[in-house]
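# Fold and geometry: a report
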Amino acid sequence: MQISFHSQVETRRFYRVPASCGKEEWAGMKSFICYEKHIFNIITGQEQAECRFYISSLQDVALIAQAIRGHWAVENNLHWHLDYSFSEDGQTTMDKQAFQNMSLINKLVLSLCKLAQPLMKDSIRAIRLRFSWNFEDNLAILLNVFDTDTIKKCLESAIPAGR
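These notes cover the structure that comes with them.

Rules and cut-offs
- Residues numbered from 1 in each chain as written.
- Predicted model: local features only at pLDDT ≥ 70, side-chain atom pairs only at ≥ 80, totals over all residues.
- Heavy atoms only, no water.
- Salt bridge = Lys/Arg side-chain N within 4 Å of Asp/Glu carboxyl O.
- Buried < 20%, exposed > 50% of the residue type's maximum accessible area, 1.4 Å probe, protein only.
- Patch = residues over 30% accessible without salt bridge, like charges linked within 9 Å, V, L, I, M, F, W, Y side chains within 5 Å.
- Areas by Shrake-Rupley, 256 points an atom, 1.4 Å probe, with all protein chains shown as cover.
- Helix = DSSP H or I, 4+ residues; strand = E, 2+ residues; numbered from the N terminus.
- Arc of directions from axis to C-beta.

## Describing the pattern of salt bridges
Evaluated as defined, the whole model comprises four salt bridges. A salt bridge links Arg52 to Glu50; the shortest N-O distance between them is 3.1 Å. For Arg52, a relative accessible area of 30% translates into the label partly exposed. One salt bridge connects Asp122 with Arg130, and the closest N-O pair in it is separated by 3.3 Å. What makes Arg130 partly exposed here is its relative accessible area of 29%.

Given below as structure tokens:
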């Protein structure tokens, strides 16, 4: 598959090798996958290549490719928001529990900001800034517009299972 975007041409190839392993704990393993990506920058002429390897219980290469790309799309979107809007990659907290708590709070706030985004018609970062200036009034607006169940579902989606 070849895709062009941002002055780049990206070529993706997926290779599948049937997997068989005599170990009981690997009974569902059906495939070894190699995901090869080549990027050519039209402006600079630079080329980049990378290979990633996966183990899968699937056999259909198209479905495997869709699952891999879909996973990274979700992952990149969440982490981009957490890093750009909350500077999470710049956190220097050494206490593991404190970092996990802060990460959970950031995800809760991100969920609330995404809920408010259609109403406030602004970026996540701008909504967060707006709330920091006048928290009580903005929270009152948000709570008056959305019903309790909507806000509850939004917050529950940010909390990982088992917490």
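## Here we look at a nonpolar patch on the surface
The grouping of Val17, Trp26, Phe32 and Ile55 at the surface amounts to a nonpolar patch, some 370 Å² of accessible area in total. Looking at the secondary structure, you find Trp26 in the loop between strand 2 (8-18) and strand 3 (31-41). Residue class for Trp26 comes out partly exposed when judged on its relative accessible area of 37%.

## Regarding helix 3 (residues 124-133)
Listed in full, the buried residues belonging to helix 3 are Ile124, Ile127 and Phe131. An end-on view of helix 3 places all buried positions within 60 degrees of arc, on one side of the element. Facing away from the buried side of helix 3 by over 90 degrees, the exposed positions are Ser132 and Trp133.

All we've got here are geometric facts, nothing functional implied.
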